[in-house]
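# Chains, contacts and geometry: an overview
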Amino acid sequence: MNYLAIDTSTMISTVTVADEKEILGDFNVNQSKTHSESLVPMIENLLNLLGMTVADIDKFVIAEGPGSFTGLRIGMTVAKTLAQVEKKDLITISTLKAMAAGSTSDRAKLPLIDARSTRVYAALYGENLEEIIPANLYEIDDLAGLVNAKDLEIEMIGLLNDKYFDKFERAKKAPININNCIGGGLIRLAMEDDNPVKPLYEISPNYLRKSQAEREFKK
């Protein structure tokens, strides 16, 4: 069984290929190019290096969000297209949960994704990735109040650790290798979780909020 996982939730493009035993290849790029420019070449290059083609992939995995609206749309479109062409299943995984799944700490896990201004996408997960505080869009001070009230040792995961570290009690920062490369977490959850298979037309990004265009239209 071969898996190919994609994440475009943030500025980082991630493509990971694995079989049932190990990660075969992991490609992460944080650069000025857009996902639309970098993602497909990354997939092609990684598969070529592994001596594989898209036809060798048995299941595709996509980070469904939350995160960048444009990034999520690009990643989801590419993943759905590959799955449709190859007539294979597409598994959707929460970006926040995949971030948490990269850690083996016995602390509660707090993945954070920038939502601009003082807002973040976040959730709090227990040692076994059970949801303690649900995934949502939070003002950082509101989130800090909810997390600190739990009185748990937490591990902050993501690129906002330095910015918001002082907001959280009993916190430590995750090491650099966990903060922005979530392909392994996507693969782990795709293998371990009982993920229901959905028809491709039912799969869409999980934005957790309306787009700016939708908000402006409502006004």
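Look up a bit, the structure's there.
Residues numbered from 1 in each chain as written. Predicted model: local features only at pLDDT ≥ 70, side-chain atom pairs only at ≥ 80, totals over all residues. Heavy atoms only, no water.

Looking now at helix α1 (residues 35-49). For α1, with 15 residues, the first-to-last C-alpha span of 20 Å sits near the 21 Å given by 1.5 Å per residue. Buried residues belonging to α1 abut β1 (3-7), β2 (12-18), β3 (23-30) and α2 (69-86). Following α1 by one or two positions, Gly51 adopts a phi angle in the positive range, close to 70°. (Helix = DSSP H or I, 4+ residues; strand = E, 2+ residues; numbered from the N terminus. Expected span 1.5 Å × (residues − 1). Contact = heavy atoms within 4.5 Å.)

Moving on, we get to the sheet that holds strand β4 (residues 59-63). An order of β3-β2-β1-β4-β5 is seen for the 5 strands of this open sheet, with the pairing classed as mixed. On the outer flanks of this sheet lie β3 and β5 (89-93), each paired with one strand and no other. Each adjacent strand pair in this sheet contributes to an overall mean axis angle of 15°, direction not counted. In this structure, β1 lies alongside β4, joined through 4 bridges in parallel fashion. Residue Ala5 lies in a different strand from β4, and its bridge partner there is Val61. The sheet strands contacting α1 are β1, β2 and β3, and the helix crosses β2 at an angle near 20°. (Pairing = 2+ DSSP bridges. Axes fitted to C-alpha atoms, helices over the stretch in contact; angles between N-to-C directions.)

We now examine the pattern of salt bridges. Pairing between side chains of opposite charge can happen when their charged atoms approach one another. In this structure the tally under the stated criterion is 5 salt bridges. Notably, a salt bridge pairs Arg170 with Glu153, separated by 3.8 Å at the nearest N-O pair. Taken together, the residues Arg170 in the loop between α5 (161-164) and β10 (171-173) and Glu153 in the loop between α4 (140-149) and β9 (154-157) connect sequence positions 17 residues apart. On the accessibility criterion, Arg170 (42% relative accessible area) is partly exposed. With a relative accessible area of 40%, Glu153 lands in the partly exposed category. Between Asp162 and Lys173 there is a salt bridge, with the nearest N and O atoms lying 2.7 Å from each other. You can see Asp162 sitting in helix α5 and its partner Lys173 sitting in strand β10, a full 11 residues away along the chain. Each of Asp151, Glu153 and Arg170 takes part in one network of salt bridges that share partners. (Salt bridge = Lys/Arg side-chain N within 4 Å of Asp/Glu carboxyl O. Buried < 20%, exposed > 50% of the residue type's maximum accessible area, 1.4 Å probe, protein only.)

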